[in-house]
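Chains, contacts and geometry: an overview
What follows is each chain in one-letter form.
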Amino acid sequence: MSLEGESDSRKRKRTSHACDSCRHRKVRCDGRQPCATCAASGEDCLFGAEAIPKTKSDLILDVALRSETMLREMSTQLHALLAAATPVDPRVASSPLAFFSPHTVESSHRPPSPRDQISNAILSQFHSSTTESILAWPHFKDSHSLRQNYRGSVFHLESLRTPFKPKSTGVLPYATKSDVQSILRSFEDNVNFWYPTLSRSRAAEIELRVLSGGLDESLDSCLALLVMALGCASELIHCSATDTSRSNLEQQHRWQLISALYFDFAFKKIHLAQAECSTEAVQCLFFTALFFAFLQRPIQAWSFISAAAIKCRLLLSYPAVDGFSENLECLRRIFWSCYILESDYLAELSALPQTGIAEIESSIPLPGEYRTHASLSTEEHSSLYFLACISMRRLLNRVHDLLYARSNGIASDTKHFPSVVTELDHQLEKWKDLLPPPFQFTPDHNTTRSIEAGFLRQRYLACKSVIYRPYLTWALSLTTRGEDIPPIAYDGCKTCLEACCLHAQNLQGFSQTVMVDTWICSLSMASVMLIVLAAAREPSLVGCLPPGVSEIGPNLSKNLTQWMQIPGHGVSPSVLQSIRLIEDATVSLCTILEL
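Read on for an overview of the structure. (Residues numbered from 1 in each chain as written. Predicted model: local features only at pLDDT ≥ 70, side-chain atom pairs only at ≥ 80, totals over all residues. Heavy atoms only, no water.)

**Comments concerning the overall build of the protein**
- A count of helices and strands for the protein gives 25 helices and 0 strands.
- Every one of the 595 residues in the protein was classed for burial, and the buried ones make up 54%.
- Sequence-distant contacts, at least 24 apart, represent 75% of the contacts inside the protein between residues at least 6 apart.
- Split by element, the accessible area of the protein, about 25,600 Å² in all, is 55% carbon and sulfur. (Helix = DSSP H or I, 4+ residues; strand = E, 2+ residues; numbered from the N terminus. Buried < 20%, exposed > 50% of the residue type's maximum accessible area, 1.4 Å probe, protein only. Contact = heavy atoms within 4.5 Å. Areas by Shrake-Rupley, 256 points an atom, 1.4 Å probe, with all protein chains shown as cover.)

**Some remarks on the side chain of Arg393**
- Relative to the elements of secondary structure, Arg393 occurs in helix H18 (residues 376–404).
- For Arg393, a relative accessible area of 3% translates into the label buried.
- At a separation of 2.6 Å, a polar atom in the side chain of Arg393 contacts the side chain of Asp344.
- Beyond its immediate sequence surroundings of up to four residues, Arg393 is in contact with Leu123, Tyr339, Ile340, Ser343, Asp344, His400 and Arg459. (Polar contact = N/O pair within 3.5 Å; in protein donor to acceptor, adjacent residues only side chain to side chain.)

**With respect to the pattern of salt bridges**
- One pass over the full model with this rule turns up 19 salt bridges.
- One salt bridge in this structure joins Asp425 and Lys464, with 2.6 Å as the shortest N-O distance. Of the two residues, Asp425 sits in helix H19 (residues 417–433) while Lys464 sits in helix H20 (residues 451–480), which places them 39 residues apart along the sequence. Here Asp425 matches Lys464 in class, with each residue buried. (Salt bridge = Lys/Arg side-chain N within 4 Å of Asp/Glu carboxyl O.)

**Considerations on the packing of H18 against H19**
- Running from N to C, H18 and H19 cross one another at 175 degrees; their axes reach a closest spacing of 11 Å. Accordingly, the angle class assigned to the pair H18 and H19 is roughly antiparallel. Where H18 approaches H19, its residues Ala388, Ser391, Met392, Leu395, Val399, Leu402 and Leu403 are matched on the opposing element by Val420, Val421, Leu424, Gln427, Leu428 and Trp431.
- The residue inventory of the contact of H18 with H19, partitioned by class, reads 11 nonpolar, 2 polar and no charged. (Axes fitted to C-alpha atoms, helices over the stretch in contact; angles between N-to-C directions. Parallel < 35°, antiparallel > 145°, perpendicular 65-115°, else oblique. Nonpolar A, V, L, I, M, F, W, Y, C, P; charged D, E, K, R; others polar.)

**Observations regarding the packing of aromatic side chains**
- Per the counting criterion, the structure on display carries 24 aromatic pairs.
- Taking the centre distance of 5.6 Å and the plane angle of 40 degrees together, the rings of Phe193 and Tyr385 count as tilted. Of this pair, Phe193 sits in helix H10 (residues 191–194) while Tyr385 is found in helix H18, placing the two residues 192 residues apart along the sequence.
- Between Phe286 and Phe287 the ring centres are 5.8 Å apart and the planes differ by 45 degrees, which places this aromatic pair in the tilted class. (Phe/Tyr/Trp six-rings, centres within 6.5 Å; stacked < 30°, edge-to-face > 60°.)

**So, unusual backbone geometry**
- Even without a glycine there, the phi angle at Gln296 is positive, about 60 degrees.
- With respect to the helices and strands, Gln296 occurs in the loop between helix H15 (279–294) and helix H16 (298–317).

**Re the side chain of Glu538**
- Checked against the element boundaries, Glu538 lands in the loop between helix H23 (518–536) and helix H24 (552–565).
- Buried charged residue Glu538 carries no salt bridge. Nearest counter-charge: Arg537, at 7.8 Å.
- Residue contacts for Glu538: discarding those within four places in its chain leaves His139, Leu476 and Thr479. (Lys, Arg positive; Asp, Glu negative; His and termini not counted.)

If you want it as structure tokens, here you go:
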């Protein structure tokens, strides 16, 4: 090889991953020649000769890009599987979203966009995998005790609750510098770890504003009060997880009062966020949604999630002139947070109107560099954890849509759903294998190496059970007709029920579950108990249930009853109804197993 050839080879090895145009714009580059961004804009796609040293943020992005590449390959495989299962309208077959999106004429008219690197993961409306859908199974039509305590739909129960009313009077408690720093640290370690949307610079401004007594009638003051309210709520969750001594109960009551006071003062200013259109306004709406989730008021939480998502979409449609700023990254992170939470609520209230963020999720960049924590190591772990939660929610949405969508779900198509289930399970296992070491887990009863790994294991088990549920409904329909269950259906039932039971047995007081997901968790666990009960009633399926299944109900009831009372701001009627369903199902289950 000539010296000139060696020089060219060395230059090629030093070529950076992002082209010059994408690096200048600070947008994600797919590394192709030409890349998608340059191809769309008609610009020359040139790669510099000297590579930029990779930061931790670059390494995180590399993992995300590898994941997206893998998802594109899996999407192609799933497309082939589903094409064999259901006829595809030729008007939509060429659409980049034809696979994961509802097959509509309108979607077929949307011109293909180079930004659609992977299909959008949309959770269809009116899917058949909610807890209410399971209770409507014919196997429970004679269960008078279950139906007697089921007083109405979740939405109607929550809509008839006493309206939320902030206190008309009250004085914020005096807080020393140490108190404020402790509360903000709790917010950073909890809320801002799960949903890393508040920068360190903004947190420093909030600390200064609170300590200086500068809480006026402004949007910045509203944001500061919301952060303090969520920090106090985090302290309450931590306090509730420790001992139950009298002094600790008094401390819990103190945190209840303080968090409620901060939120009351913030809520009186929330009209400012609703009127303005800025990053701070979106943050205020999002944090208000989180506090309503903590209060276990799902309708209010969903309404503020929707408001934040819609305003976020608007601002992302008109980004800053330079193409990148701290505000832009903040908006993108709030977008992904709303995507996760909106999908969680839609999973149990399928008729809720959607904001449309799921329809554009594949075009929004994944989280990038953003200073959110004092420790760079914690900041890196938070970003990786956030990515793991995003990718899991994407997969869950695909599962719900492919199998349970009212229009094109194939869960009842016994000839074709097994191949789709196999592929979805393959994607789930790949997700688990790609998790960074701090978040890795084994799907069993063993203690995880971190709380976050324990929470992700719960997500994994929930997804596994939903993927394999079609086998259970197939087997139940066969037993109803007096037919034998084929081995493939029996094995699928066993996988579904083992995942369901592990999900319930591993339920713990994870801070994220207690603070944000208690309402969702109560409905999810009620569905677990109903599924287990349906299987236990069929002698041919009892063998699929793991040992200790009769102990699941008391554990669920105990935990949920405790968490329901933590906010100290009223009791959610739908959470209470879920607990009653769990208790009634437990009585029926124990009676069957004792026979």
